[in-house]
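Each chain is listed here by its residues.
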Amino acid sequence: MKHKTSSLYYVGVDGGGTKCRAELYNPQGDLLGSGVAGSANIARQGNTAEQSILTAVSKAFEAATIDQQHLGDAVVCAGLAGANLPSAAAALKQWRHPFQTFHFTSDLHTALYGAHAGQNGAVLVMGTGSCAAALTDGKLTQLGGHGFLLGDKGSGAWLGKQAIMYSLEALDGVVPHGPLVEAVCNHYHSQSATDIVDRLIQANPGVFGEICPIILKLASDDDPTARALVERGSAYLSAIARKALRLSGGNLVIAGGVATAMTPWLDDDIRSALRPTQFGPEWGAILLYQNGGLGDLS
């Protein structure tokens with residue numbers, strides 16, 4: 001059943017591991033303003049994610065020159081990293097937010113729904129994390145996206161982590177030293193494995209993803225170590241995208257902060273299946289709500 005659109009404002013939120021973006025709309029679908037804040041991964045840092053959502057939505061109202069007291073007139077529809085995990089979703093349902101209502105699902109779901117305007121299709125996400133998904137007659141099937149510790153192969157954070165792990169082995173003298181290791185050491189202003197570990201032992205995935213552009217540049221310049229890492233990651237990304245395409249029977253879109261840079265490394269059949277995105281994940285969240293795909297969670 002579709003929801004009635006009787007509120008003054010609708011906000012679509014795309015909350016990923018690195019940033020949270022909110023777009024404010026009126027009931028006619030006109031974009032009024034947008035705002036950006038930090039990480040909104042509810043599985044890793046629930047309280048931080050809640051604050052990022054509130055900050056991004058508040059900034060969207062500010063950009064639209066609408067008083068913050070109208071936060072209570074907004075239906076907020078969010079796609080959030082980590083929302084597919086029951087424990088994280090259960091915790092977020094207890095949030096005492098200031099909005100009229102708050103509805104959420106995974107960021108993958110809203111990205112996929114918006115990209116294909118609710119029709120069957122597939123998405124390959126290549127950002128701080130990575131995953132693929134298929135939307136088939138309203139059913140979402142996720143492939144990968146198991147988080148920084150257990151998966152996210154081919155993502156920006158994964159590439160950074162692999163490069164750092166290799167560099168630590170090189171600094172210990174067990175694998176060859178080369179341009180990739182030099183780049184990692186220069187980025188962290190250190191020639192010591194101990195210093196690099198001390199700097200990164202508590203780091204979040206976004207910090208590891210910072211050196212992804214360096215790795216991709218070295219791979220393009222045919223540094224064998226960087227190229228091997230990128231090829232290993234892109235082979236996995238191609239494999240999950242291929243399965244998502246088979247499941248959905250539709251087209252493929254890409255999303256994520258490193259998607260453009262990683263696309264040339266994907267397999268030929270995956271690149272040939274790519275099509276433009278119809279709507280962004282922010283509008284995808286609102287569209288999913290309006291078509292009855294988001295329940296009244298809070």
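The paragraphs below set out a description of the structure included in this document. Here, residues in each chain are numbered from 1, in the same order as that chain's written sequence. For a predicted model such as this one, the threshold for reporting local features is a pLDDT of at least 70, and the threshold for listing and counting side-chain atom pairs is 80 or more; totals across whole chains, interfaces and linings nevertheless cover every residue. The side-chain numbers reported here are obtained from all heavy atoms of the structure, hydrogens and water having been left aside.

1. Here we look at the overall build of the chain
Okay, step 1: In this description a helix means any DSSP run of H or I spanning at least four residues, a strand means any run of E spanning at least two, and both kinds are numbered starting from the N terminus. When you go through the chain residue by residue, the secondary structure sums to 12 helices and 9 strands.
Okay, step 2: For 298 residues, the compact-globule estimate of 2.2 N^0.38 gives 19 Å, and the chain sits close to it at 20 Å.
Okay, step 3: Overall, the chain is about 65 × 40 × 35 Å in size when its C-alpha atoms are taken along their principal axes.
Okay, step 4: Only protein chains enter the accessibility calculation, which uses a 1.4 Å probe; a residue whose area is less than 20% of its type maximum is buried, one above 50% is exposed, and one in between is partly exposed. The burial tally for the chain puts 50% of its 298 residues in the buried class.
Okay, step 5: It only takes one pair of heavy atoms within 4.5 Å for two residues to be counted as in contact. Within the chain, contacts between residues at least 6 apart in sequence are counted, and of these 63% link residues at least 24 apart.
Okay, step 6: Note on areas: these come from Shrake-Rupley sampling with a 1.4 Å probe, and a residue is covered only by the protein chains present in the view. In the form shown here, the chain has an accessible surface area of approximately 13400 Å², with 51% of it arising from carbon and sulfur atoms.
Okay, step 7: The charge count includes Lys and Arg as positive and Asp and Glu as negative, but it does not include His or the ends of the chains. Charged groups are reduced to one reference atom each: NZ for lysine, CZ for arginine, CG for aspartic acid, CD for glutamic acid. Within the chain, one finds 20 positive and 25 negative side-chain charges whose respective centroids are separated by 7 Å. Atoms counted for the radius of gyration: C-alpha only. Globule rule: 2.2 Å times residue count to the power 0.38.

2. Points about the nonpolar core
Okay, step 1: Definition of nonpolar core: a set of buried residues of the types Ala, Val, Leu, Ile, Met, Phe, Trp, Tyr and Cys, connected through side-chain atoms within 4.5 Å. Residues Leu124 and Ile164 are the most contacted members of the largest nonpolar core, which totals 47 residues.
Okay, step 2: If you list the elements that add at least two residues to this core, you get β6 (121-126), β7 (130-136), α4 (156-171), α5 (179-187), α6 (193-200), α8 (212-220), α9 (224-248) and α10 (259-262).
Okay, step 3: With 8 residues, the single largest contributor to this core is α9.
Okay, step 4: In this structure, Leu124 is in contact with Cys131, Ala132, Leu237, Ile240, Ala241, Leu252, Val253, Ile254, Ala255 and Leu266, ignoring residues within four places of it in sequence.
Okay, step 5: Counting 30 residues, the second largest nonpolar core, distinct from the first, contains Ile42, Ile53, Ala60 and Phe99.

3. Structural notes on helix α1 (residues 46-63)
Count 3.6 residues to each turn of an α-helix, and residues three or four apart come out pointing the same way.
Okay, step 1: By this rule, a helix spans an expected 1.5 Å times one less than how many residues it contains. Along its 18 residues, α1 runs 26 Å from first to last C-alpha, staying within 8% of the 26 Å computed at 1.5 Å per residue.
Okay, step 2: Among the residues of α1, those classed as buried are Ala49, Glu50, Ser52, Ile53, Ala56, Val57, Ser58, Ala60 and Phe61.
Okay, step 3: Packing partners of the buried residues in α1 comprise β1 (9-15), β2 (20-25), β3 (31-37), β4 (74-80), α2 (86-92) and β5 (101-106).
Okay, step 4: One or two residues past the end of α1 sits Thr65, with phi positive at roughly 55 degrees.

4. Points about the side chain of Ser234
Okay, step 1: Note on placement: Ser234 falls in helix α9.
Okay, step 2: Polar contacts involving the side chain of Ser234 include one to the main-chain carbonyl oxygen of Trp265, which spans 3.2 Å.
Okay, step 3: Ignoring anything within four residues of it in the chain, the contact list for Ser234 reads Met262, Trp265 and Leu266. Polar contact is the term for a pair of N or O atoms within 3.5 Å; when the atoms are in protein, one must be able to donate a hydrogen and the other to accept it, and sequence-neighboring residues count only if both atoms are side-chain atoms.

5. Brief notes about the packing of aromatic side chains
Okay, step 1: Put simply, two rings from Phe, Tyr or Trp (the six-membered ring, in Trp's case) pair if the centres are within 6.5 Å, and we call them stacked under 30 degrees between planes, edge-to-face over 60, tilted for the rest. Counted by the stated rule, this structure contains 7 aromatic pairs.
Okay, step 2: Consider the rings of Tyr25 and Trp283, whose centres lie 4.7 Å apart with planes at 55 degrees: the pair is tilted. Of this pair, Tyr25 sits in strand β2 while Trp283 is found in helix α12 (residues 281-290), placing the two residues 258 residues apart along the sequence. The burial state of Tyr25 is the same as that of Trp283; both residues are buried.
Okay, step 3: Between Trp95 and Phe99 the ring centres are 6.0 Å apart and the planes differ by 85 degrees, which places this aromatic pair in the edge-to-face class.
Okay, step 4: On the basis of relative accessibility, which here comes to 5%, the residue Phe99 falls in the buried class.

6. Details of the sheet that holds β2
Okay, step 1: For two strands to be treated as a pair, DSSP must find at least two bridges joining them. Here 5 strands make up an open sheet; going across it, the order is β3-β2-β1-β4-β5 and the pairing mixed. Every other strand in the sheet has two partners, leaving β3 and β5 as the edge strands with one partner each. Neighbouring strand axes in the sheet, compared pairwise and without regard to direction, differ in orientation by 15 degrees on average.
Okay, step 2: The strands touched by helix α3 (residues 107-115) are β1, β4 and β5; relative to β5, the strand with the most contacts, the crossing angle is about 90 degrees.
Okay, step 3: Helix-sheet contacts for α12 involve β1, β2, β4 and β5, and the interaxial angle to β1 is about 125 degrees. Helix axes use the C-alpha atoms of the stretch in contact, all axes being lines fitted to C-alpha atoms, and the angles between their N-to-C directions lie in the range 0 to 180 degrees.

7. Some remarks on the side chain of Ser39
Okay, step 1: Examined against the element boundaries, Ser39 turns out to sit in the loop between β3 and α1.
Okay, step 2: Under the relative-accessibility criterion, Ser39 is labelled buried at 17%.
Okay, step 3: Polar contacts involving the side chain of Ser39 include one to the main-chain amide nitrogen of Asn41, which spans 3.4 Å.
Okay, step 4: Contacts of Ser39, omitting those with residues within four sequence positions, involve Gly16, Gly17, Thr18, Lys19, Thr48, Ala49 and Ser52.

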